[in-house]
Amino acid sequence: RLSQALARLRFSDYVAREDVNEAIRLTHMSKSSLLDEQNGPNANGLDSNKRKWGGEDVISRIFNIIKDYSTASRSERIEMRLCEAMVIRKGFT
């Protein structure tokens, strides 16, 4: 729905990849801000999830793996099993 709304803001009848990326980013940032408010930052200002993954949370790392593949392969669609294989290969379970 967010992607569709972003497309409508551009007066487009079609949802572009950028609309989907922005919708995912907005959702992620919204969730992140809620978690920050609930848990509060620790002594160094990072939550344990971000510290564990080098300053980037798990969802962002997985999203970036898939986004980078999509960009490199110039494909708009990626099969779920391929996404799963890429993510598992990077050490996520």
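Predicted model, so just to flag it, every value in this text is computed and none were measured.

Parameters and conventions
- Residues numbered from 1 in each chain as written.
- Predicted model: local features only at pLDDT ≥ 70, side-chain atom pairs only at ≥ 80, totals over all residues.
- Heavy atoms only, no water.
- Helix = DSSP H or I, 4+ residues; strand = E, 2+ residues; numbered from the N terminus.
- Buried < 20%, exposed > 50% of the residue type's maximum accessible area, 1.4 Å probe, protein only.
- Contact = heavy atoms within 4.5 Å.
- 1 Å grid on protein atoms, 1.4 Å probe; cavity = no way out; pocket = protein on both sides within 12 Å on 5 of 7 lines; lining within 4 Å.
- Points joined across faces, edges and corners; volume = space filled by probe spheres on them.
- Nonpolar A, V, L, I, M, F, W, Y, C, P; charged D, E, K, R; others polar.

Observations concerning the overall build of the chain
Within the chain one finds five helices and zero strands. In sequence order, the secondary structure elements of the chain are arranged as α-α-α-α-α. A buried classification covers 17% of the 93 residues belonging to the chain. Within the chain, contacts between residues at least 6 apart in sequence are counted, and of these 33% link residues at least 24 apart.

Focus: the layout of surface pockets
Empty space within the largest pocket amounts to approximately 370 Å³. Lining the largest pocket are 13 residues; nearest its centre among them are R17, V20, N21, S70 and E76. When residues of the lining of the largest pocket are traced back to their parent elements, those giving at least two are α2 (17-39) and α4 (58-73). For the lining of the largest pocket, a count of residues per class yields seven nonpolar, two polar and four charged.

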